[in-house]
Amino acid sequence: MQGNGFEHICTMNKRKSNVQSLPKPSKICRTEDTTHVQDDDVFDEEGGFHQEHSFSTSSAGDIGVIESITLKNFMSHHLLGPFQFGPNVNFIVGNNGSGKSAILTALIVGLGGKATTTNRGASLKSFVKYGESSAEVTVKLRNRGSDAYKGDAYGDCISIEQRITSDGCRTCKIKNKPGHIVSTKKEELTAILDHFNIQVDNPVSILNQEMSKQFLHSKSEADKYKFFMKATLLEQMKRDYIHIKQTKAVTRDQVERQEECLKDLRQLFLQKKEKYESLSALENMKQTLEDLKKKMAWCLVREKEWLVQQLKEQIDKEQNDRALEEKLLLCQSKVTLAEKKLRDIQQKLERVKEEEECLAEESRKMKEEVKLKSKAQKSQEVVYFRAENKLKQLEKEQCLLQERIHKISNSNGRRNHESEHAQRIKKISALRNQLEKLETESVALNQEIKEKQQALFKGREEYDKLSMEEKNIQVSLETKLKRKNQLTASRSNRLRRFGDRMPELLESIEKAYAQGRFIKKPVGPIGACISLKDPSLAVAVESCLRSFMKTFCCDNYKDERVLQELMSPHFSRGSRPQIMVCPFTDRVYNVQSRGVHHPEFPSVLDILIIDNPVITNCLIDMRSIECILVIRENAVARRLMQGGRPPRNCREVFTAEGDQVFTNRTYTPEREVIVKYLGGDPEAEIRLVQSEVENHQAQLSRFQLHLSSVKQDIQSMEEKLRSVFIACKRNQESINRVKASITELENIEESQTEDISSLEEETQENEQKIDLERKNVKEAQSELEKHNKVLMEIDQKHQNMKNKREQLTDETEQLKEEQVKAVAECSKLEQSLKIFEKKLKAHQDNIQAIRAELGLKEEEKEDFEAKAREICPIPQRPNRSAESIDTEITRLRQKISSQESSHGNQEQVIREYAEAHGNYKNKSGQVRDLKRFIDRLDNIMTDRQARYKTLRRSLSVRCKLYFNNFLIKLHCCGSMMFDHNNETLSISVKPPGQEKDNINDMRSLSGGERSFSTVCFILSLWEITESPFRCLDEFDVYMDMHNRRISLDLLLELSERQHLRQFIFITPQTTSSLPKSPHIKVHQLQDPERESEEALQSIQ
């Protein structure tokens, strides 16, 4: 029984190593594979256990033994080793800090163990010496004998080198005995440990000081039981058995499903068998079909012969038709006559043009002459008028001289001169008083004008201001009325919110798309393609997307040009919706990495409902809606964007009132933002707009009344100002008259006595000048008449030439009209000639085409006849048409096809019958084999469960016996109580002299006694388990010399019994009491240097 248990433990040990070497997802696959192996190899009829890699006695000591270990920059040590271990007993001795535990930790790490397994660190990087970039651990394992692992590749020694970097990375190199790298894979290391039966994380193989101290004190009874199960590999066996049961349940479910499938396969097999047995009815129909095919072949030959005859008759008919050639000759003669007539007209036109050019040259010269003569005539006319004016001036001066002479001759001298002077003085004084009064009145009038002008200016300013406000109200009222009309129209069609002509534009787009004018149908307007998850945020969204609400999207620039043409009848150039060109895609852009994500506030993209990905991608490209947040409160938005660090990828924020908030500025709308496109209830919007219209109309009426009142006040002020201007003007005229009267009176002087004789002499001289000037006037007049006569003659000649040019122009126009008519006639005849030539060519081409077709038809006829002879060598004359024969063939084929579709053709039916029979047979065999496997597995598992319980009971009894035996040597009493049902292990130890006490707590023992108890428990487990080496760290740390000597004796005794196993004991105590033996090797570590200790303390 114990032998069978040993074999079972070894096999389970292999399994455990395999589990640890594979990733977690592969565990089920490994277990399933194990299940199949158990079915084939592992379980046999006698219930024996097959073992592939059992740890036999012959190979023990030849494989898995640690030959040496080397540490570099590991923990606090720069270099330790290499330590050459003996094959049996090894003691590592040294003071604290010398590196004893570091060697044990390095052994675990070097064999691929985790950092947590060592109980010395949480991660591998903590094992790298301070100040160094990496640490290295080299472990050499013996690989000799017949059970060596890949002896050809590795030789007698396998070297495992682990390199750990300061960032926690680990690299592994597995070398052979000469030092060449064989592998760097973790799987290879796991396979080596599995082959050598090395379990790094099993405390029975490697027990460190921390684990030994805590085991018997802090572990619960359930944990102790788990420790026992893990050390003996019973836990792995239990897990395997549980997995086998689960696999058996899954297999049983599969069998049930396969049985259901087997019923369907049997039904299908019976159906295929029935079809296979009913295949003889199709042969007669197939023979009839072959006969019809023969008739059909010769019927097609007969039809081809008839087509050939028809084409020959058509060629003869076309060749006898000469009408087109006659029409062509007649048209050619008409073209010749028309071209001759056109050439005559062109010759006449050229002669008239030459004559017209000559007259134009003469007219130009005569025009220059008229210009010169006219200039001379005008010069002479100026001379004449100057002489005549001078004559008139001399005559006027003569009259004035005569009047002065007459006045002087009849004057009374100085009569009444003094009385007139006194009257003038008195009159001047009165006029000065009147002038002063008028100037005072003028100053008052000017002041009044200034005041009234200022009042009028203020009135006009107020009127202009009120007019501007009235205009603004009028514009706002018109906007509201237009919005009201749009909303009223949108009751029946929501698209009218985007423009009165928007529905018509969309109808035009639909028609153009149906006609194929678009490559891809444009999408829009954008506002009609989106909706809101939260209608209360409509103001924020419209403020963000206001310029894109009417936008259309096109896939390419060709579609854009077509859409522009469709927009032009419906929208003026300045008010057309804009068009965005971007390639259409079926997927929305992935903006997860560049969009804004906030736990409280959504982005514009988040609150929009958009069915079309084209619209979403367009808004992402043009407006970056994934980077814009929407926040209801203005204060919260400003605090988020401007109070500190804004959210990642957030460009701006819009609030529920329409504010736009950036990191360094904020924009607030001048007036309240009204939802125009994304409103939910049109009736509520209409009522709101109607109330606003009424308010604007009332406000407009008040402004108009006020404007009318102000305008009347301005007109009254203008009338008053006009009357004051008139009074001021009259006053100024009075002042000017008084000033003129004063000046005239002051400038009056007494008449001076003049010399009459001098005036008479001047009169005679002036008379002579007048006579001379009259003579000059007559000469100038005669000369002027000559110039006028010459000018009239030249004008007459120029007019005659002009009339002749007009006649030539009329003749030219008439000839041009005749030329145009002749050109038109020629063009028409040439066009007709081309048409006749094309018709004649088409006629000839038609004949050639018919001949070519005839050749093809004759070839087809010969080809059809050859094929018909292949089908049926004897020519036949069917009395039916090809169409009726084809109908009969189609009917037969459909009937045969329906028969074959219901039964299948013969080959297919036979093949399907064979497949159905094979599938049914195979599935039946599989279900039968699975049932046998399940039954066999049930029997084997029943036997294995019994063997497992027997093995567990045997191991627990052996462990208790060994434990009690070891405690007896300490003169202590102890016991182990295994409760396999509750999975607990209770250990009680009684010190010497307290055997009769009821105290079972191990904490009552001394430190040495507890350490000795731990050694006893470990030795008990060593007795019932197998491993190539065993490590025990500071087992005697709390023992006195007596207990230590007993423990050493026990260890050495065990090592002698298991002389092919390797033992490594770590102790800080002296080893002078050890016996001299070639099997015992002591490694004395040097004490650490002072500086190293201080550095270690500073690091700690």
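Residues numbered from 1 in each chain as written. Predicted model: local features only at pLDDT ≥ 70, side-chain atom pairs only at ≥ 80, totals over all residues. Heavy atoms only, no water.

Once that is clear, we can look at the overall build of the chain. A count of helical and extended segments in the chain gives 24 helices and 21 strands. A separation of at least 24 residues holds for 76% of the contacts in the chain among residues at least 6 apart in sequence. As displayed, the chain has an accessible area near 65,200 Å², and 48% of this comes from carbon and sulfur atoms. (Helix = DSSP H or I, 4+ residues; strand = E, 2+ residues; numbered from the N terminus. Contact = heavy atoms within 4.5 Å. Areas by Shrake-Rupley, 256 points an atom, 1.4 Å probe, with all protein chains shown as cover.)

Let us look at helix H3 (residues 100–110). Helical geometry: 3.6 residues make up each α-helical turn, so side chains three or four residues apart lie on a common side. The element H3 is largely enclosed, with a buried count of 11 among its 11 residues. Every buried residue belonging to H3 is among Lys100, Ser101, Ala102, Ile103, Leu104, Thr105, Ala106, Leu107, Ile108, Val109 and Gly110, and all of these are buried. In the segment just after H3, Gly112 is the residue with positive phi, at about 90 degrees. (Buried < 20%, exposed > 50% of the residue type's maximum accessible area, 1.4 Å probe, protein only.)

Omega for the peptide link from Gly81 to Pro82 comes to 5 degrees, which places this bond in the cis form. Examined against the element boundaries, Pro82 turns out to sit in strand S2 (residues 77–84). With an omega dihedral of -10 degrees, the bond running from Gly524 to Pro525 counts as a cis peptide bond. Tracing the backbone through its elements, the reader meets Pro525 in the loop between helix H12 (502–514) and strand S9 (530–532).

So, on to the pairing of strand S5 (residues 157–165). For S5, a buried count of seven out of nine residues is recorded, marking the element as mostly surrounded by other parts of the structure. Of the strand pairs in this sheet, strand S4 (residues 134–143) and S5 are connected by nine bridges, and their pairing is antiparallel. Opposite Leu141, over in S5, you have Ile158 as the bridge partner. Taken together, S5 and the strand that follows it, strand S6 (residues 170–175), pair antiparallel across an intervening segment of four residues, in which Gly168 is found at a positive phi of about 95 degrees. (Pairing = 2+ DSSP bridges.)

One pair of aromatic rings is described through two measures. These are the centre distance and the angle between the planes. Within the structure shown, the criterion is met by nine aromatic pairs. Both rings, one in Phe228 and one in Phe978, keep their centres 4.7 Å apart while their planes meet at 55 degrees; by these two values the pair is tilted. Highlighted residues: Phe228 in helix H7 (residues 221–231) and Phe978 in strand S17 (residues 973–979), separated in sequence by 750 residues. For the pair Phe228 and Phe978, a shared accessibility class is recorded, and that class is buried. Judged by centre distance (5.6 Å) and plane angle (50 degrees), the rings of Trp1022 and Phe1063 are tilted. Linking Trp1022 in helix H22 (residues 1007–1024) with Phe1063 in strand S20 (residues 1062–1067), this pair joins segments that are 41 residues apart in sequence. For Trp1022, a relative accessible area of 0% gives the class buried. (Phe/Tyr/Trp six-rings, centres within 6.5 Å; stacked < 30°, edge-to-face > 60°.)

Our next topic: a negative patch on the surface. Taken together, the side chains of Glu397, Glu760, Glu761, Glu762 and Glu765 make up a negatively charged region of the molecular surface. Take the negative patch: its biggest share by element is four residues, from helix H19 (residues 756–871). As for its placement among the helices and strands, Glu760 is situated in helix H19. Overall, the relative accessible area of 41% leaves Glu760 in the partly exposed class. (Patch = residues over 30% accessible without salt bridge, like charges linked within 9 Å, V, L, I, M, F, W, Y side chains within 5 Å. Salt bridge = Lys/Arg side-chain N within 4 Å of Asp/Glu carboxyl O. Lys, Arg positive; Asp, Glu negative; His and termini not counted. Charge placed at Lys NZ, Arg CZ, Asp CG, Glu CD.)

One way to put it is that H12 packs onto helix H14 (residues 557–567) with a least axis distance of 10 Å and a crossing angle of 135 degrees. Classified by the interaxial angle, the pair formed by H12 and H14 is oblique. In this structure, H12 crosses over H14, and the sense of that crossing is right-handed. Mapping the contact onto sequence places Leu505, Ser508, Ile509 and Ala512 in H12 and Leu563, Leu566 and Met567 in H14. Considered class by class, the residues forming the contact of H12 with H14 number six nonpolar, one polar and no charged. (Axes fitted to C-alpha atoms, helices over the stretch in contact; angles between N-to-C directions. Parallel < 35°, antiparallel > 145°, perpendicular 65-115°, else oblique. Left-handed = near helix turned anticlockwise from the far one by under 90°. Nonpolar A, V, L, I, M, F, W, Y, C, P; charged D, E, K, R; others polar.)

Below, the discussion takes up the sheet that holds strand S8 (residues 206–207). Read from one edge to the other, the open sheet built from five strands follows the order S8-S19-S20-S3-S21, with strand pairing classed as parallel. Edge positions in the sheet fall to S8 and strand S21 (1080–1084), since each of these pairs with one other strand and no more. Inspection of the sheet shows strand S3 (residues 89–93) paired to S21 by five bridges, in the parallel sense. For Val89, the partnering residue across the bridge sits in S21 and is Ile1080. Running at roughly 140 degrees to strand S19 (residues 1029–1033), H3 makes contact with S3, S8, S19 and S20 of the sheet.

Next up on the list: the side chain of Glu652. If you trace the backbone, Glu652 turns up in strand S14 (residues 652–655). Since its relative accessible area comes to 2%, Glu652 is described here as buried. Side-chain polar atoms of Glu652 contact the side chain of Arg623, separated by 3.2 Å. One polar contact links Glu652 to Gln660, side chain to side chain, over a distance of 2.6 Å. Among residues more than four places away in sequence, those in contact with Glu652 are Arg623, Cys627, Ile628, Leu629, Met641, Gln660, Val661 and Phe662. (Polar contact = N/O pair within 3.5 Å; in protein donor to acceptor, adjacent residues only side chain to side chain.)

Let us now look at the environment of Val255. With respect to the secondary-structure elements, Val255 resides in helix H8 (residues 234–276). Excluding residues that lie within four positions of it along the chain, Val255 makes contacts with Val927, Leu930, Lys931 and Ile934.

This next bit is on the nonpolar core. Counting 51 residues, the largest nonpolar core has Phe91, Phe228, Phe1017, Leu1021 and Trp1022 as the members making the most contacts within it. With 12 residues, the single largest contributor to this core is helix H21 (residues 906–968). Ile526, Leu545, Phe548 and Cys618 belong to the second-largest nonpolar core, a separate cluster that totals 49 residues. (Core = buried A, V, L, I, M, F, W, Y, C linked by side-chain atoms within 4.5 Å.)

With that settled, consider the pattern of salt bridges. Side chains that carry opposite charge are capable of pairing whenever their charged atoms lie near each other. The tally for this structure, following the rule as stated, stands at 25 salt bridges. Put simply, Arg142 and Glu67 hold a salt bridge, and the shortest N to O gap is 3.6 Å. Residue Arg142 is found in strand S4, and its partner Glu67 is found in strand S1 (residues 63–74); the two are separated by 75 residues along the sequence. According to the relative accessible area criterion, Arg142 is buried, its value standing at 13%.

A separate point is the sheet that holds strand S13 (residues 628–631). Ordered in space as S13-S14-S15-S16, the four strands form an open sheet in which the pairing is mixed. The open sheet terminates on both sides in strands that have one partner only, identified here as S13 and strand S16 (666–667). One ladder, built from four bridges, connects S13 with S14; its direction is parallel. For Ile631, the partnering residue across the bridge sits in S14 and is Thr655.

Next up on the list: the environment of Glu395. If you trace the backbone, Glu395 turns up in helix H10 (residues 323–409). Exposure remark for Glu395: the relative accessible area of 29% places this residue in the partly exposed category. Once the C-alpha coordinates of Glu395 and Lys769 are considered, the two residues, 374 residues apart in sequence, prove to be 9.5 Å apart. Sequence-distant contacts of Glu395, that is, excluding residues within four places in its chain, are made with Ile770 and Arg774.

The next point concerns H7. Taken together, the buried positions of H7 are Lys224, Tyr225, Phe227, Phe228, Met229 and Ala231. A positive backbone phi angle near 65 degrees is found at Leu233, which sits one or two residues after H7.

Most of strand S18 (residues 984–990) sits inside the fold, with six of its seven residues counted as buried. The sheet contact formed by S17 and S18 spans seven bridges and is antiparallel. Each residue of the ladder has a partner; that of Met976, found in S18, is Ile987. Hairpin connection of S17 to S18: four residues between the antiparallel strands, including Glu983 at a positive phi of 60 degrees.

What follows is about a positive patch on the surface. Judged by side-chain charge, Lys367, Lys371, Lys375 and Lys802 come together as a positively charged surface patch. Mapping Lys367 onto the fold places it in helix H10.

What follows deals with the confidence of the model for the chain. In the predicted model, the chain carries a mean pLDDT of 77, and 84% of its residues have values of at least 70. Note that residues 1–59 has pLDDT below 50 and, in this model, 100 contacts with residues that lie over four places away or in other chains. (pLDDT = per-residue confidence, 0-100.)

What follows deals with the environment of Leu937. Among the secondary structure elements, Leu937 is positioned in helix H21. By relative accessible area, Leu937 is classed as buried at 5%. C-alpha separation for the pair Leu937 and Lys248, spaced 689 residues apart in sequence, amounts to 7.8 Å. Contact partners of Leu937, with chain neighbours within four places excluded, come to Ile244 and Lys248.

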